[in-house]
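This is what each chain is made of:
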There are 2 protein chains.
Amino acid sequence: MSDRIAVKRAVYEENDRQAALLHEIFAAKDIFVVNILGGPGAGKTSSLKQILARIKDRPVSVIEGDITSDIDTRALKDLGIEAYQIETGGDCHLNAPMIDAIVKRMSLKPKSWLFIENIGNLVCPAEFVIGEDVKILVSSTAEGADKPYKYPLAFQKAAAVILTKEDIAPYVKFDEAYFRAGVKALNPDAPVFGVNALSGEGFDAVSAWLRNARG
Amino acid sequence: MSDRIAVKRAVYEENDRQAALLHEIFAAKDIFVVNILGGPGAGKTSSLKQILARIKDRPVSVIEGDITSDIDTRALKDLGIEAYQIETGGDCHLNAPMIDAIVKRMSLKPKSWLFIENIGNLVCPAEFVIGEDVKILVSSTAEGADKPYKYPLAFQKAAAVILTKEDIAPYVKFDEAYFRAGVKALNPDAPVFGVNALSGEGFDAVSAWLRNARG
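Residues numbered from 1 in each chain as written. Chains lettered and ligands numbered in written order. Predicted model: local features only at pLDDT ≥ 70, side-chain atom pairs only at ≥ 80, totals over all residues.

## Observations regarding the relation of the copies chain B and chain A
Once chain B has been moved 0.0 Å along the axis and rotated by 180 degrees, it coincides with chain A to within an RMSD of 0.0 Å. Taken together, the rotation angle and the small translation identify this as a two-fold axis. When the interface residues of chain B are mapped onto chain A, 100% of them again lie at the interface, so the same face is used by both copies. (Least-squares fit on C-alpha atoms with pLDDT ≥ 70 in both. Contact = placed C-beta atoms within 7 Å.)

Here is the structure:
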């Protein structure tokens, strides 16, 4: 085994160990954790805002992951949402040590929701668990219908898929049947919710699914 | 220095060394190499097709990078273009050793163009040179105007930016002035070409720029 592969494996193992500990901490406090994945500009933050407008039954906090900048965190704070920023400084995904470090600075409320928006990237974030109960994948019609075929791991790991920008599907010649067939082949149990994250259309179903997933 | 950082640095150094060798080989044959970056579904392949329809002065070959699948390579071959596939099997960017391995299987034509489409990812591909003369960054209006602020390295490294999906800019409420200001702050010399990669609008200017960059 090369040094590089050995180091990579050690990184995954250490991450998984720390993520399992985080999940225990969250579960003990009845905090349901949602890890939101998606490419750059898929509509992760817009989707999150629509979900937060509909999940009013319990306290909510948000962790925003970015390479650099706190644009989204400031936008959420402007809406009165308790949001915390992780800037990875170049790293292309969040990992369990980053979440561990930031939750130590947060006052985690029992019986609450914690939404974590990952780095805009369809590849690496799918490889790292960060203590979540479920992953949700946000994919936009503008990205094209071939995304499940090109980035299968992210679609395999997602408990649900939010398909954004449904309103512009005709303009970008989006083939929804091809997209849905790709998701189904990889992940037969994951629902695909077609939405418009600007108008909010479709998010009642997403929120109902989340409440049900929490159980 | 931790083992992890030492290995990461060694990976960069080995990559840079091999990329420099590749660049020498390409330059000796007067092959101009364009490394195309962009997030998933930004319109890299569609842009490439429009460029290839306009660059008819010299032979062209294409290397397509994907995590998995050869959808784009087959589409290019269907158009009669000499295209080769790299499947990284999970890696989130191309690197110089991958290019070195595939060019050994190609018959590199002197005085030609070589276009390399990188993995759909706005983060990691920006960190790895692969023997190219220039990087071009493809970013779509649908991804949102904040991309230069969130993914600065890719915008810094690009010699030119292709802004795709201009036709749907009004529907996705794209703030072009904000986008252009972000590019300008990071990379004052890089032109931004607004295009529609389905209709071909705007690609005459891109192709003229490429011919000029080649010199």
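Having seen it, we continue.
## Some thoughts on unusual backbone geometry
Where the residue is not glycine, phi is negative for most of them; where a peptide bond is considered, it is trans in most cases. The backbone phi angle of A:Asp30 is positive, close to 55 degrees, even though this residue is not glycine. Within the element layout of this structure, A:Asp30 appears in the loop between helix 1 (3-28) and strand 1 (32-38). Given 12 C-beta atoms within a 10 Å radius, A:Asp30 is considered exposed. Even without being glycine, B:Lys165 reaches a positive phi, approximately 60 degrees. Locating B:Lys165 in the fold gives a position in the loop between strand 6 (160-164) and helix 7 (176-186). Judged by local crowding, B:Lys165 falls into the buried class, with 27 C-beta atoms found within 10 Å. (Helix = DSSP H or I, 4+ residues; strand = E, 2+ residues; numbered from the N terminus. Buried ≥ 20, exposed ≤ 12 C-beta atoms within 10 Å, placed from the backbone.)

## Here's the deal with helix 4 (residues 96-103) of chain B
Within helix 4 of chain B the residues assigned to the buried category are B:Ala96, B:Met98 and B:Ile99. All buried residues of helix 4 of chain B lie within an arc of 160 degrees about the axis, which places them on one face of the element. (Arc of directions from axis to C-beta.)

## Some points on the sheet that holds strand 7 (residues 192-194) of chain A
Strands belonging to one sheet form pairs held by backbone hydrogen bonds; the direction of such a pair is parallel or antiparallel. All names here are of chain A. The parallel open sheet is built from seven strands, whose spatial order is 3-2-4-1-5-6-7. Looking along the sheet, the strands with just one partner apiece sit at the ends: strand 3 (82-87) and strand 7. Between one strand axis and the next, the sheet turns by 20 degrees as a mean value, whatever way the strands run. Direction of pairing for strand 2 (residues 60-66) relative to strand 3: parallel, over a ladder of six bridges. What sits directly across from Ile-63, in strand 3, is Tyr-84. Sitting on the sheet, helix 4 (residues 96-103) is in contact with strand 2, strand 3 and strand 4 (113-117), with an inclination near 135 degrees to strand 3. (Pairing = 2+ DSSP bridges. Axes fitted to C-alpha atoms, helices over the stretch in contact; angles between N-to-C directions.)

## Some details on the sheet that holds strand 2 (residues 60-66) of chain B
Residues and elements named next belong to chain B. With parallel pairing, the seven strands of this open sheet are ordered in space as 3-2-4-1-5-6-7. At either end of the open sheet lies a strand with only one pairing partner, and these are strand 3 (82-87) and strand 7 (192-194). Across the sheet, the mean angle separating the axes of adjacent strands is 20 degrees when strand polarity is ignored. In this sheet, strand 6 lies alongside strand 5 (residues 134-140) in parallel orientation, the contact comprising five bridges. Bridge pairing in strand 6 links Ser-140 to Thr-164. Strands in contact with helix 4 are strand 2, strand 3 and strand 4 (113-117); relative to strand 3, the strand with the most contacts, it is inclined by about 135 degrees.

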